Amino acid sequence: MINGSCCCGAVKFELLRQPSMMGTCHCSRCRKVGASAIVFVRKEDLRWVEGQEHVQLFQPKAPYKYERCFCKICGTSLGEILSDMDSFPIAANALDSDLEVKNSLHEFVDEKPSWYEICDNAKQSRGHPS
């Protein structure tokens with residue numbers, strides 16, 4: 001069992017299994033919402049403990065298409081935790097338990113700020129990995 005929550009504790013959830021993958025997105029949008037490190041989870045593995053009503057959905061304007069979720073009380077980024085997809089990314093920063101999965105990719109490395117240095121050997125791509 002992997003526990004997750006927001007900063008203020010109003011939102012709490014559990015993952016019944018380890019995430020299938022971890023990646024880091026360097027696009028300006030993910031950096032701004034504080035969700036550069038993401039883990040992919042299956043919808044069937046997410047169990048709400050409390051506070052789902054405190055999750056706010058942010059609808060992006062074109063050309064962006066992915067919605068982002070955050071706690072409407074403290075602002076903690078939660079990735080796409082309200083997604084209806086079978087598998088979706090959530091912000092790794094919202095997980096309270098240790099993970100077995102390690103970072104396996106860096107995407108949008110062309111948008112990476114000059115002050116950030118990639119310090120692992122994970123695959124890198126200019127956009128979404130193919």
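Refer to the structure presented above.
Definitions and limits used
Residues numbered from 1 in each chain as written. Predicted model: local features only at pLDDT ≥ 70, side-chain atom pairs only at ≥ 80, totals over all residues. Heavy atoms only, no water. Helix = DSSP H or I, 4+ residues; strand = E, 2+ residues; numbered from the N terminus. Contact = heavy atoms within 4.5 Å. Polar contact = N/O pair within 3.5 Å; in protein donor to acceptor, adjacent residues only side chain to side chain. Salt bridge = Lys/Arg side-chain N within 4 Å of Asp/Glu carboxyl O. Buried < 20%, exposed > 50% of the residue type's maximum accessible area, 1.4 Å probe, protein only.

Draft legend 1. View of the environment of cysteine 6. Tracing the sequence through the fold places cysteine 6 in the loop between strand 1 (2-5) and strand 2 (12-15). Once you skip the residues sitting within four places of it in the chain, cysteine 6 turns out to touch Val11, Cys71, Cys74 and Thr76.

Draft legend 2. Spatial organisation of the environment of aspartate 110. Here aspartate 110 lies in the loop between strand 10 (103-107) and strand 11 (123-124). Sequence-wise, aspartate 110 and histidine 26 are 84 residues apart; in three dimensions their C-alpha atoms are separated by 7.9 Å. Only 2.6 Å separates the side chain of aspartate 110 from the side chain of arginine 126, close enough to count as a polar contact.

Draft legend 3. Molecular detail of the environment of glutamate 44. Looking at where glutamate 44 falls in the secondary structure, it is placed in the loop between strand 4 (37-42) and strand 5 (46-50). Residues glutamate 44 and glutamate 67, 23 residues apart in the sequence, show an inter-C-alpha distance of 20 Å. For glutamate 44, the contacting residues outside a window of four places in its chain are Leu16 and Arg17. A polar contact is formed between the side chain of glutamate 44 and the side chain of arginine 42, at a distance of 2.8 Å.

Draft legend 4. Focus on the pattern of salt bridges. Taken as a whole and judged by the stated rule, the model has seven salt bridges. In this structure, the salt-bridge partner of arginine 42 is aspartate 45, at a minimum N-O distance of 3.6 Å. Assessed through its relative accessible area of 33%, arginine 42 is described here as partly exposed. A salt bridge links aspartate 84 to lysine 43; the nearest nitrogen and oxygen atoms lie 3.2 Å apart. On the criterion of sequence distance, the pair formed by aspartate 84 in the loop between strand 8 (77-79) and strand 9 (87-91) and lysine 43 in the loop between strand 4 and strand 5 is long-range, its members being 41 residues apart.

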